[in-house]
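Fold and contact review
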Amino acid sequence: MESHNYTMQDIEKFIEDYKLSQKLKSEDWMLSVPIIGKKMYEKAYLEECKRNFFEEKYYEMLNASAEKQQEFIKQMTPVLDDFYAKVENKSKGR
């Protein structure tokens with residue numbers, strides 16, 4: 001898989017796209033459904049935690065030095081590559 005040269009703006013767009021891709025919501029009603037509801041709730045909660053982590057680090061890096069921003073972009077590149085590869089595969093029906 002080809003790696004891309006991302007920017008901080010690309011990471012900002014990723015965070016928005018990631019929010020939109022989360023179809024599962026951590027609603028209280030899911031807890032009332034045995035096993036499946038609990039698993040769905042756990043997955044939704046994990047996704048929400050990941051999104052919050054990405055957002056927090058992104059906003060932290062906006063005020064960081066150019067070197068720290070480049071290191072952050074380097075660390076986020078595999079995450080963005082993986083996310084957009086999955087999105088692309090879904091849109092192609094794979």
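These remarks concern the structure in this document. (Residues numbered from 1 in each chain as written. Predicted model: local features only at pLDDT ≥ 70, side-chain atom pairs only at ≥ 80, totals over all residues. Heavy atoms only, no water.)

This part takes up the overall build of the chain. A tally of helices and strands in the chain yields three helices and zero strands. Counting helices and strands in the order they occur from the N terminus, the chain gives α-α-α. Looking at the 94 residues of the chain, the share that counts as buried comes to 28%. In the chain, once contacts between residues fewer than 6 apart in sequence are set aside, the share between residues at least 24 apart is 70%. With an accessible surface of roughly 7,100 Å², the chain has 55% of that area assigned to carbon and sulfur atoms. (Helix = DSSP H or I, 4+ residues; strand = E, 2+ residues; numbered from the N terminus. Buried < 20%, exposed > 50% of the residue type's maximum accessible area, 1.4 Å probe, protein only. Contact = heavy atoms within 4.5 Å. Areas by Shrake-Rupley, 256 points an atom, 1.4 Å probe, with all protein chains shown as cover.)

The next subject is the nonpolar core. Counting residues in hydrophobic clusters, the biggest one holds 14 residues, and the most contacted among them are Met8, Ile11, Phe14, Phe72 and Met76. Breaking this core down by element, the ones donating at least two residues are helix 1 (8–21), helix 2 (36–62) and helix 3 (66–91). If we skip the residues at most four places from it in the chain, Met76 touches Ile11, Phe14 and Phe54. (Core = buried A, V, L, I, M, F, W, Y, C linked by side-chain atoms within 4.5 Å.)

We now examine the packing of aromatic side chains. Counting across every chain of the model gives nine aromatic pairs. Pairing Phe14 with Tyr84 gives two aromatic rings, centres 6.4 Å apart and planes at 75°, and the pair type is edge-to-face. Of this pair, Phe14 sits in helix 1 while Tyr84 is found in helix 3, placing the two residues 70 residues apart along the sequence. By relative accessible area, which is 0% here, Phe14 ends up buried. (Phe/Tyr/Trp six-rings, centres within 6.5 Å; stacked < 30°, edge-to-face > 60°.)

We now examine the side chain of Gln69. When you line up the elements, Gln69 lands in helix 3. On the basis of relative accessibility, which here comes to 18%, the residue Gln69 falls in the buried class. A distance of 2.9 Å separates a polar side-chain atom of Gln69 from the backbone oxygen of Met61. Not counting the four nearest positions on each side in its chain, Gln69 is found in contact with Met8, Met61, Leu62 and Ala64. (Polar contact = N/O pair within 3.5 Å; in protein donor to acceptor, adjacent residues only side chain to side chain.)

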